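Structural overview for review
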Amino acid sequence: MLGSPIAHSLSPVLHRAAYQALGLDDWSYTAIETDEAGLAGVLDQVRSQPGWAGLSLTMPLKTAAVPLVDRLDASVEAVGALNTIVVEPDGSLAGYNTDIAGIRYAVRQVLGAARPGGHEALPAAAAPAPPARGRGSQSPVPQSPVPPLAAPPVRPLLLGAGGTARAAVAALAAVGVRRVGVVARRAAAVVPLTEIGAGLGIEVVALPWETIAGGLPRGVDLVVATTPAGVTDQLAEWAWPAGCPLVELLYHPWPTALAVTAYRAGARVGGGMAVLAAQAAEQVTLFTGRPVRVEVLLTAGTQALTRRAAVDAFSPVKS
C-alpha cells in the first residue's frame, strides 16, 4: 500500500485477514510511505521486480497515479482517480477504482439491497479461479455487473465535494440514482462532480452549505457524507427523519455525531468501515482472482479499531 501519511491505515489488517481466509499464506501486504514525488520511482520498481500482484493507493496519490499506469479500467476513466493497481502477467500496470464498489456496497446495505457479508462485484456463483500459485500469478477476474435497485432514491443528498465525492457520484449512478444534490462550501468544487455525473447519466446539482443549516431538507431519502471529522456536527443537532438512511464514510472516530443522531432516530446507518472493507475485498479479488467475503475484512477491521480505542483510552495524556 502506498500513500502519505500511511501509518494509520487499516488496509494491511484487512488484506492480511483476507489472504489468511483464502489460504494464501505466502502472500504479504505492506504499507510503504510514498508521496507524489516518489510515486513514479516506486511504480518503475514494481514493473522491474517479479512477485508483485498489485498495489493499493491512498491520498495523495489517487489522481497522481492516473497518468503513470499503462491501462485504465472504466471505473478510473469515469472519475479520474484510482486506488488500485494490478500488475498484469506481462509486467504492465492496470489502474482500477474500487472506492466506487465500496460506497455502492454501503449504499445498497442501508437500502436493504446488499447481502450481509456478500461480495457484490463478484458473486459466489461466479466461476471459481484456479488455485493461486503465488503473487502476480493470476490475471484479474472480470467484475460482474450489479443490477440497479428496483426503486433507487429520488432525492439523495451528498455532503462534501472532495476527492471521495467523485466515487460517491459514480456509486449512486451505479445503483440507479438519476439526480443528486451536492452540498458544498464552494460551488466551484462541485464542477468536477457535475462533469463526472454527465458522463454517467446522473444529474449533479450544486447546493449551498446553508441548505442544511436548519437540518435536512424535506423529502431527502438518502444522505452520503464524505466530509472530514466534525464538519457535519452542526447538522447532527437537528432532528433526523427515521426514513432517511445515512452512509457516513468516516470510520474513526466512530460513531460520528451524525451517525448517532440518525441511528437514534431509527434510520439505517452505514459506516466507513463497511466501505473500507468492501473496497478492499474488491482489491483482493483483483489481485488474487478469488472472491472473499466482505464480512471477513469487516470483522478484522472492527477488531483493530476496538484495540486502537482501548490503547488510546489508557494512553497517558501529555501536559
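Everything in this summary refers to the structure shown in the same document. (Residues numbered from 1 in each chain as written. Predicted model: local features only at pLDDT ≥ 70, side-chain atom pairs only at ≥ 80, totals over all residues. Heavy atoms only, no water.)

1. Section: the packing of aromatic side chains
Here the structure, examined in full by the defined rule, presents one aromatic pair. When the centroid spacing of 5.4 Å and the interplanar angle of 45° are considered together, the rings of tyrosine 19 and tryptophan 27 count as tilted. Like tyrosine 19, the residue tryptophan 27 is buried in the burial classification. (Phe/Tyr/Trp six-rings, centres within 6.5 Å; stacked < 30°, edge-to-face > 60°. Buried < 20%, exposed > 50% of the residue type's maximum accessible area, 1.4 Å probe, protein only.)

2. Quick notes on helix α8 (residues 272-288)
With 17 residues, α8 should reach 24 Å at 1.5 Å per residue; the first-to-last C-alpha distance of 24 Å fits that figure. Counting buried positions along α8 yields 17 of 17 residues, so the element is predominantly enclosed. In the segment just after α8, glycine 289 is the residue with positive phi, at about 80°. (Helix = DSSP H or I, 4+ residues; strand = E, 2+ residues; numbered from the N terminus. Expected span 1.5 Å × (residues − 1).)

3. Looking at the nonpolar core
Counting residues in each nonpolar core, the largest one holds 34 residues, and the members touching the most others are Ile103, Val107, Leu158, Leu172, Leu193 and Val224. Looking at this core, the elements with two or more residues in it are α4 (99-110), α5 (163-174), β8 (179-184), α6 (191-200) and β10 (222-225). The dominant element in this core, judged by the number of residues it contributes, is α5, at eight residues. Look past the residues within four positions of leucine 172 in its chain and what remains in contact with it is Val107, Val177, Val180, Ile202, Leu222 and Val224. Judged by nonpolar contacts, the second largest core, of 30 residues, contains Ile6, Ala94, Tyr251 and Ala304. (Core = buried A, V, L, I, M, F, W, Y, C linked by side-chain atoms within 4.5 Å. Contact = heavy atoms within 4.5 Å.)

4. So, the pairing of strand β7 (residues 156-159)
Burial of β7 is two-sided: the residues Pro156 and Leu158 facing one way and the residues Leu157 and Leu159 facing the other way are all buried. In the sheet, β7 pairs with β8 via three bridges, with the strands oriented parallel. Following the sheet pairing, leucine 158 is matched in β8 by valine 182. Taking the sense of rotation as the criterion, the β-α-β connection linking β7, α5 and β8 turns out right-handed. (Pairing = 2+ DSSP bridges. Right-handed = clockwise from strand over helix to strand, strands pointing away.)

5. Thoughts on the pattern of salt bridges
Following the criterion strictly, the structure yields six salt bridges and no others. Across the pair arginine 71 and glutamate 88 runs a salt bridge whose closest N-O atoms are separated by 2.7 Å. Highlighted residues: arginine 71 in strand β4 (residues 71-72) and glutamate 88 in the loop between β5 (84-87) and β6 (93-96), separated in sequence by 17 residues. Overall, the relative accessible area of 35% leaves arginine 71 in the partly exposed class. (Salt bridge = Lys/Arg side-chain N within 4 Å of Asp/Glu carboxyl O.)

6. Section: helix α7 (residues 257-264)
Counting along an α-helix, one turn takes 3.6 residues, and residues three or four places apart therefore face a common direction. Those residues of α7 that sit buried are Leu258, Ala259, Thr261 and Ala262. In an axial view of α7, the angular spread of the buried residues amounts to 160°, which keeps them on one side of the axis. Set apart from the buried face of α7 by more than 90 degrees, the exposed residues are Tyr263 and Arg264. Where the residues of α7 are buried, they touch β7, β10, β11 (246-248) and β12 (269-270). (Arc of directions from axis to C-beta.)

7. Considering the pairing of strand β9 (residues 203-208)
With six bridges connecting them, β8 and β9 associate as parallel partners. By the bridge assignment, arginine 179 is partnered in β9 with glutamate 203. Handedness of the β-α-β unit built from β8, α6 and β9 comes out right-handed.

8. Examining the packing of α4 against α8
The packing of two helices is summarised by the inter-axis angle and the distance between the axes. Their axes nearest at 7 Å, the elements α4 and α8 cross at an angle of 130°. By the angle class used here, α4 and α8 are oblique. Like other packed secondary-structure pairs, α4 and α8 cross with a definite hand, here right-handed. Where α4 abuts α8, its residues Asp99, Ala101, Gly102, Ile103, Tyr105, Ala106 and Gln109 lie against Ala274, Val275, Ala278, Gln279 and Glu282. Looking at side-chain class alone, the contact of α4 with α8 contains seven nonpolar, three polar and two charged residues. (Axes fitted to C-alpha atoms, helices over the stretch in contact; angles between N-to-C directions. Parallel < 35°, antiparallel > 145°, perpendicular 65-115°, else oblique. Left-handed = near helix turned anticlockwise from the far one by under 90°. Nonpolar A, V, L, I, M, F, W, Y, C, P; charged D, E, K, R; others polar.)

9. Details of the sheet that holds strand β3 (residues 54-56)
Two pairing modes exist for strands in a sheet, parallel and antiparallel, and in both the strands are linked by backbone hydrogen bonds. Strand order in the open sheet formed by four strands is β3-β5-β6-β4, and the pairing between neighbours is mixed. What marks the edges here is a single partner per strand, and that holds for β3 and β4. As paired strands, β4 and β6 are joined by two bridges and run parallel to one another. Its bridge partner being in β6, leucine 72 is matched across the sheet by glycine 95.

10. With respect to the packing of α4 against α5
Between α4 and α5, the shortest axis-to-axis distance is 8 Å and the interhelical angle comes to 55°. The pairing of α4 with α5 is recorded here as oblique in orientation. α4 and α5 meet at a crossing whose hand is right-handed. Listed contacts from α5 to Asp99, Ile100, Ile103, Arg104 and Val107 of α4 are Thr164, Ala167, Ala168, Ala170, Ala171, Leu172 and Ala174. Each residue belonging to the contact of α4 with α5 can be placed in one class, and the counts come to nine nonpolar, one polar and two charged.

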